[in-house]
Amino acid sequence: MCGIIGCISNKPVAGMLLDGLKRLEYRGYDSAGLVVLENGVFRWEKTAGKIKDLEELLQGQTFSGTIGIGHTRWATHGSPSTCNAHPFFSCDNSVAVVHNGIIENYHQLRQELVRKKHRFQSETDTEVVVHLVEDYLKAGYKPIEAVRQVCRRLNGSFALVFMFTNHPNLLIGARLNSPLVVGIGRKEVFLASDVPAFLRNTRRVVYLHDRQIVALAQAGLRQKGKQTLHIIDFAGKKQSYHISQVRWNIQSAEKEGYAHFMLKEIEEQPEAVRRTVNYPHLSVLEPFTERLRDINRVILVACGTAWHACLATKYAMEELVRIPTEAILGSEFRYALPPLDKKTLVIAVSQSGETADTLAAVRAAKEHGVFSLAVCNVVGSTLTREVDLTLYTFAGPEISVASTKAYTAQLSVLALLTIRLAAIRKTITRNMEDKLLDELRQLPNKMKTVLRNKKIIEACAEAYKRVGNFMYIGRRNNLATAYEGALKMKEISYTHAEGYGAGEMKHGPLALVDGSFPTVAVILKDCVYEKMVSNIREIKARGGIVIAVATKGDKNISEIADWVIETPQVLEITSPILAAIPMQLLAYYTAVKKGREIDQPRNLAKSVTVE
Ligand code: M6R
């Protein structure tokens, strides 16, 4: 969703703000703006559209301000337009603000402020915030106190960053249910929605917690060690903080010659999985062995692609660990709470660790005393702080909105967890455990083999780039692969695609099949192989086109299907990891051939921080 960057430096910051905004582009946005403080007044530009439009506005202008804030907006209240773009200003132009999130009670606050003669320039929920702060400053509150008073009056979710004409060396940030990170460089300090925004300048970060307010100042800019960082909570209590070192570098967040981040991230999967299935990561489970031995129910919860990882895992969890397991959508969880108690293990899966619905599900579950575990890719994210325990995916930063390497890393760590739980609960033999772990270790090489199928997948994309609909079918854990394939196709190529249980085709969707209708079928050498063959024959009998993702050397399928994309033979637990790759590549090449914006599909945001 929206992206925020704020910076205080000893040199002009406009360039750094723009660079930071570009690195937050992946979050999804439809307008952009920035403001710097120069000679005691705000100089700003904002516009609907992309950062290049903002850059055009800035061209030919020189900005000398050494403090500033920038923003990319993903519209919620009010259309994407210049006047609804951030930053917003107080009536007296002494306070500027940018915001990520939703102020749910903005309507009442706006009415109150209008009665007090505040003038509004936009239709947004955000603008009330800056006028409220103005009122508290006028009533004699210091900036941090004014912000604190306002935060206590806001309902909803927010990451806010303020600057003040009367305090030329001060940025104030506040957060509730939306991410905000402090970056501490040698000559600059930053506040941003995510680390890539300032990674070029520093890897030293402080992850703010919910209900915290930070005041960042940089006194005596040329003197070392004079940066100040002061954190309080919404109750006004001083907070201690921890400076962490980000492990990955700026190259991980750059395209490095690839046409798109998505392709780069698809290619990075063998390495991401190799890092993730490193067995010692599981040592974090050890202190909880007794509790894990005692659980009698597993609930996996997530949204979008991460939910598909949950669905695929359910089968292995039930088969190997012999525990009833459900995969529930984060957006449904709160409104249809399953039975929960302290013997329930809730596993929340999220690349970003900031997805509002997944976080809300975890919070609701925790009220019932469950044991909570996160599978997450972002160190220090909100989710990792809410749960009892986190297993990280070591996918590195995922920039493309379409999730690829995070998905296969999630599947891998969930497979590892499943094997560990089965071992703890003695539902598999030692031999079986070794066999499964060995399979995981061999996975990266097998993934590289699947990646070699690019040519045939690209040809297939070329053949069907004009069709309006795709069907994706699978069974058991590869039903999740079918869902994921369809999601990828919709998300980046804007082609309608539906994921369906193969056995369900004759209960309705078969009516869609004709000579121009392609079905992508995941048919691997597993326990439902014969059933899938019958389902494919049903489609072929009606003249449909079949693109099969099949096990290498399966002659039977080459005779029936129109296209065959081969994957090496694997055990069932890992097959969705390999089968995901052709799905990603087919969507990618179809989208490229349709001229779509691959990394930032329309209307979408990378992390969905509102409900
Ligand atoms: O950050 P999360 O994993 O919690 O995000 C969940 C979904 O929003 C995400 O997987 C989404 O479906 C992807 N854009 C799909 O490619």
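Structure first, text after, so check above.
Let me begin by describing the structure that accompanies this report. (Residues numbered from 1 in each chain as written. Predicted model: local features only at pLDDT ≥ 70, side-chain atom pairs only at ≥ 80, totals over all residues. Heavy atoms only, no water.)

## Some thoughts on the sheet that holds strand β23 (residues 545-551)
Spatial ordering of the open sheet is given by β21-β20-β22-β23-β24, a layout of 5 strands whose pairing is parallel. A strand with exactly one partner marks an edge of an open sheet, and here the two such strands are β21 (496-501) and β24 (563-567). Here the strands of the sheet are splayed against their neighbours by 20 degrees on average, with no regard to which way each runs. The pairing of strand β20 (residues 469-474) with β21 spans 6 bridges and is parallel. The residue of β21 that forms the bridge with Gly 474 is Gly 501. Running over the sheet, helix α16 (residues 477-493) touches β20, β21 and β22 (518-523) and is turned about 175 degrees from β21. (Pairing = 2+ DSSP bridges. Helix = DSSP H or I, 4+ residues; strand = E, 2+ residues; numbered from the N terminus. Axes fitted to C-alpha atoms, helices over the stretch in contact; angles between N-to-C directions. Contact = heavy atoms within 4.5 Å.)

## Quick notes on the packing of helix α13 (residues 405-424) against helix α14 (residues 430-451)
The geometry of α13 relative to α14 is characterised by a closest axis approach of 10 Å and an angle of 170 degrees between their N-to-C directions. Viewed along their axes, α13 and α14 adopt a mutual orientation that is roughly antiparallel. In this structure, α13 uses Thr 408, Ser 412, Ala 415, Leu 416, Ile 419, Arg 420 and Ala 423 to contact α14, whose residues at the interface are Glu 433, Leu 436, Leu 437, Leu 440 and Met 447. Among the residues making up the contact of α13 with α14, the classes are represented as 8 nonpolar, 2 polar and 2 charged. (Parallel < 35°, antiparallel > 145°, perpendicular 65-115°, else oblique. Nonpolar A, V, L, I, M, F, W, Y, C, P; charged D, E, K, R; others polar.)

## Observations concerning unusual backbone geometry
Note the cis peptide between His 86 and Pro 87, where omega equals 5 degrees. Mapping Pro 87 onto the fold places it in the loop between β4 (67-73) and β5 (88-89). A positive phi is found at Glu 256, a non-glycine position, where the angle reads about 50 degrees. Here Glu 256 is to be found in the loop between β14 (244-245) and α6 (261-267). The phi torsion at Arg 476 lies on the positive side, around 50 degrees, for a residue other than glycine. Examined against the element boundaries, Arg 476 turns out to sit in the loop between β20 and α16.

## Quick look at empty space enclosed by the protein
Any empty space left between the atoms is revealed when a probe the size of a water molecule rolls over them. Counted under the stated rule, the structure contains 5 cavities of 30 Å³ or more. In this structure, the largest cavity is lined by Cys 2, Arg 73, Trp 74, Thr 76, His 77, His 86, His 99, Gly 101, Asp 125 and Thr 126. For the lining of the largest cavity, the per-class residue count stands at 2 nonpolar, 6 polar and 2 charged. Considering the residues around the second largest cavity, the lining is formed by Leu 524, Lys 525, Asp 526, Thr 551, Thr 567, Pro 568, Gln 569, Val 570, Leu 571, Glu 572 and Ser 575. Taken together, the residues that form the lining of the second largest cavity break down as 4 nonpolar, 4 polar and 3 charged. (1 Å grid on protein atoms, 1.4 Å probe; cavity = no way out; pocket = protein on both sides within 12 Å on 5 of 7 lines; lining within 4 Å. Points joined across faces, edges and corners; volume = space filled by probe spheres on them.)

## Side note on the site of the ligand
Around the ligand, a shell composed of 14 residues is seen, among which Ser 350, Gln 351, Ser 352, Thr 355 and Glu 491 lie nearest. Lys 488 places a polar side-chain atom, nitrogen or oxygen, 3.0 Å from an oxygen atom of the ligand. The separation between a nitrogen atom of the ligand and a polar side-chain atom of Glu 491 is 2.6 Å. Here the ligand occupies the second largest pocket. Sorting the residues of the shell around the ligand by element identifies α9 (304-321) and α16 as the ones contributing at least two each. No fewer than three residues from each of domain 2 (255-451) and domain 3 (452-596) sit in the shell around the ligand. (Near = heavy atom within 4 Å. Polar contact = N/O pair within 3.5 Å; in protein donor to acceptor, adjacent residues only side chain to side chain. Sits in = over half its atoms within 2 Å of the grid points. Domains from an automatic or database assignment.)

## Observations concerning helix α5 (residues 143-151)
Counted residue by residue, α5 has 8 buried out of 9 residues, so it is predominantly covered. Of the residues making up α5, those classed as buried are Pro 143, Ile 144, Ala 146, Val 147, Arg 148, Gln 149, Val 150 and Cys 151. (Buried < 20%, exposed > 50% of the residue type's maximum accessible area, 1.4 Å probe, protein only.)

## Describing the nonpolar core
Counting residues in hydrophobic clusters, the biggest one holds 88 residues, and the most contacted among them are Leu 345, Ile 347, Leu 373, Phe 470 and Tyr 472. Per element, the largest residue contribution to this core is 12 residues, and it comes from helix α19 (residues 575-593). Composition of this core by domain shows at least three residues from each of domain 2 (255-451) and domain 3 (452-596). (Core = buried A, V, L, I, M, F, W, Y, C linked by side-chain atoms within 4.5 Å.)

## A few points about helix α15 (residues 454-464)
Along α15, the positions that sit buried rather than exposed are Ile 457, Cys 460, Ala 461 and Tyr 464. Taken around the axis of α15, the buried residues stretch over an arc of 100 degrees, which confines them to a single face. (Arc of directions from axis to C-beta.)

## A word on the pairing of β24
When you tally the buried positions in β24, you get 4 out of 5 residues, the bulk of the element. As defined by bridge partners, β23 adjoins β24 across 5 bridges and the pair is classed as parallel. If you follow Ile 547 over to β24, its bridge partner there is Trp 563. Note on the crossover from β23 through helix α18 (residues 555-560) to β24: the handedness is right-handed. (Right-handed = clockwise from strand over helix to strand, strands pointing away.)

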